[in-house]
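# Observations on chain architecture
Below are the chains, spelled out letter by letter.
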Amino acid sequence: MKAKSSLTTEQLAARKRKHLRRRIAVYGTLIALLWGFWSWQPWAFDLVERKPSPPHPRVNPDRERLFQKGTKILMITAHPDDSEFYIGATLHLLSKTAEIHQIICTDGDKSYYWFLTDAEENRRVRRIEATAAKDAWNGKSLTFLEYPDGRMRVSEELVDKLATEIVQLRPDYIFAFDGDYPPRMSHQDHRRTGEASLLAAKKAGVPLWYMMFSTNAPNFFVDVTNVWEEKKRLLAIHESQFKAERLEGVSNMVAGRAEADGLVAGVGLAEGFRCIRINGAMK
């Protein structure tokens, strides 16, 4: 004979409501933790890959002038190793003739890890490495803007600082991240730096070619087949980031991208750029 339930209908309903509130609290906490982690970590992911439609046609950003003696180049990156990682082989080729200036928006100190890292030591070491790399590709100047690593934002202050540097330098070319068509998974600092750099270039009103790397929409390629070992040597300067097995792994990863760009360009290895012309109409 089954025992009769001692709970009334109202008590059963109250128990169900209590269980529901517990589930909402548990799932809500999990969602909040996941959202908090995603907001805290510095990477960005696009559910839908960003690509232009239709694809950009090939352009020639005055190639002869690009590699001409005395051509003035401004390179804007987010972190101390970005230039060598993304366009190190092109930099080696340019180092023979161009006057290259670099702005690095952060110190790459990974301070967002709080107590898990020594941000001050990271800052010191990475500045030394960036300076050594700049000397290796015969850079003319190097400026650190000292914005928080992993927390770059497109601000009026940042755009104005970059625009001021562009007006003062008056480069023939700017090299920067592509903020419009970045890889599907990429660092937020890269995207934000690219967005701010393009706004600054337009605001400065200096006529120039604007060449974007780390892009899903390349329309110009530099053949780097014969200087790939030089790129690997530049990467190795950033010993705090790449050494031993990690250096080999990173070298293989960037080589894979260079092979893909080379396939499109019809050469062995290439570094791809999305190039646009800024005619200097704005001031």
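In what follows, the accompanying structure is described. (Residues numbered from 1 in each chain as written. Predicted model: local features only at pLDDT ≥ 70, side-chain atom pairs only at ≥ 80, totals over all residues. Heavy atoms only, no water.)

## Notes on the overall build of the protein chain
- Scanning the protein chain for helices and strands turns up eight helices and nine strands.
- Taking 2.2 N^0.38 as the reference for a compact globule, 283 residues should give roughly 19 Å; the C-alpha atoms of the protein chain span a radius of gyration of 24 Å, well beyond that estimate.
- Across the 283 residues that make up the protein chain, the buried fraction comes to 46%.
- With an accessible surface of roughly 15,300 Å², the protein chain has 56% of that area assigned to carbon and sulfur atoms.
- Side chains of the protein chain carry 42 positive and 36 negative charges; the gap between the two charge centres is 11 Å. (Helix = DSSP H or I, 4+ residues; strand = E, 2+ residues; numbered from the N terminus. Rg over C-alpha atoms; globule rule 2.2 N^0.38 Å. Buried < 20%, exposed > 50% of the residue type's maximum accessible area, 1.4 Å probe, protein only. Areas by Shrake-Rupley, 256 points an atom, 1.4 Å probe, with all protein chains shown as cover. Lys, Arg positive; Asp, Glu negative; His and termini not counted. Charge placed at Lys NZ, Arg CZ, Asp CG, Glu CD.)

## Focus: the packing of aromatic side chains
- In the structure shown here, the tally under the stated rule is six aromatic pairs.
- Where F175 meets F273, the ring centres are 5.5 Å apart and the plane angle is 80 degrees; that geometry is what we call edge-to-face. Of this pair, F175 sits in strand β5 (residues 173-177) while F273 sits in strand β9 (residues 270-278); the two residues are 98 residues apart in sequence, bridging distant segments of the chain. For the pair F175 and F273, one class covers both residues: buried. (Phe/Tyr/Trp six-rings, centres within 6.5 Å; stacked < 30°, edge-to-face > 60°.)

## Here's the deal with the sheet that holds strand β4 (residues 141-147)
- Strand order in this open sheet of seven strands is β4-β3-β2-β5-β7-β9-β8, and the pairing throughout is mixed. A strand with exactly one partner marks an edge of an open sheet, and here the two such strands are β4 and β8 (220-223). Between one strand axis and the next, the sheet turns through 25 degrees on average, direction left out of account.
- Sheet topology note: the strand β7 (residues 208-213)/β9 ladder contains five bridges and is antiparallel. What sits directly across from M212, in β9, is R274.
- Of the strands in this sheet, β8 and β9 touch helix α8 (residues 244-265), which is tilted by about 65 degrees from β9. (Pairing = 2+ DSSP bridges. Axes fitted to C-alpha atoms, helices over the stretch in contact; angles between N-to-C directions. Contact = heavy atoms within 4.5 Å.)

## Quick look at the side chain of S197
- Examined against the element boundaries, S197 turns out to sit in helix α6 (residues 188-204).
- Of the residues examined, S197 reaches a relative accessible area of 0% and is grouped as buried.
- Look past the residues within four positions of S197 in its chain and what remains in contact with it is I76, L162, A176 and Y210.

## A closer look at α8
- With 22 residues, α8 ought to run about 32 Å at 1.5 Å a step, and its terminal C-alpha atoms sit 31 Å apart, in line with that.
- Within the span of α8, buried status applies to L247, V250, S251, V254, A255, A258, D261 and G262. All buried residues of α8 fall inside an arc of 140 degrees around its axis, so they share one side. Among the exposed residues of α8, those pointing more than 90 degrees away from its buried face are E245, R246, L263 and V264.
- The inward-facing, buried residues of α8 contact α3 (82-94), β8, α7 (228-237) and β9.
- A positive phi of about 80 degrees marks G266, the residue just after α8. (Expected span 1.5 Å × (residues − 1). Arc of directions from axis to C-beta.)

## A few points about a positive patch on the surface
- Taken together, the side chains of R15, R17, K18, R21 and R22 present a region of like positive charge at the surface.
- Note that R17 resides in helix α1 (residues 9-40).
- Classification of R17 as partly exposed rests on a relative accessible area of 48%. (Patch = residues over 30% accessible without salt bridge, like charges linked within 9 Å, V, L, I, M, F, W, Y side chains within 5 Å. Salt bridge = Lys/Arg side-chain N within 4 Å of Asp/Glu carboxyl O.)

## A look at the nonpolar core
- Core analysis: the biggest nonpolar cluster contains 35 residues, and L66, I73, I100, F175, M211, W228 and F273 have the highest contact counts within it.
- At the level of elements, β2 (72-77), α3, β5, β7, β8, α7, α8 and β9 are the ones that each hand at least two residues to this core.
- Not counting the four nearest positions on each side in its chain, M211 is found in contact with P61, L66, Y173, I174, F175, A176, F220, F273, R274 and C275.
- Core analysis: the second largest hydrophobic core is formed by 25 residues, V159, L162, A163 and L198 among them. (Core = buried A, V, L, I, M, F, W, Y, C linked by side-chain atoms within 4.5 Å.)

## Comments concerning the packing of α7 against α8
- Running from N to C, α7 and α8 point in directions that differ by 140 degrees, and their axes come no closer than 11 Å. In terms of axis orientation, α7 runs oblique to α8. Considering the relative orientation of α7 and α8, their crossing is right-handed. Side by side, α7 and α8 meet where W228, K231, K232, L235 and A236 of the first sit next to L247, V250, S251, V254, A255 and A258 of the second.
- A class-by-class count of the residues in the contact of α7 with α8 yields eight nonpolar, one polar and two charged. (Parallel < 35°, antiparallel > 145°, perpendicular 65-115°, else oblique. Left-handed = near helix turned anticlockwise from the far one by under 90°. Nonpolar A, V, L, I, M, F, W, Y, C, P; charged D, E, K, R; others polar.)

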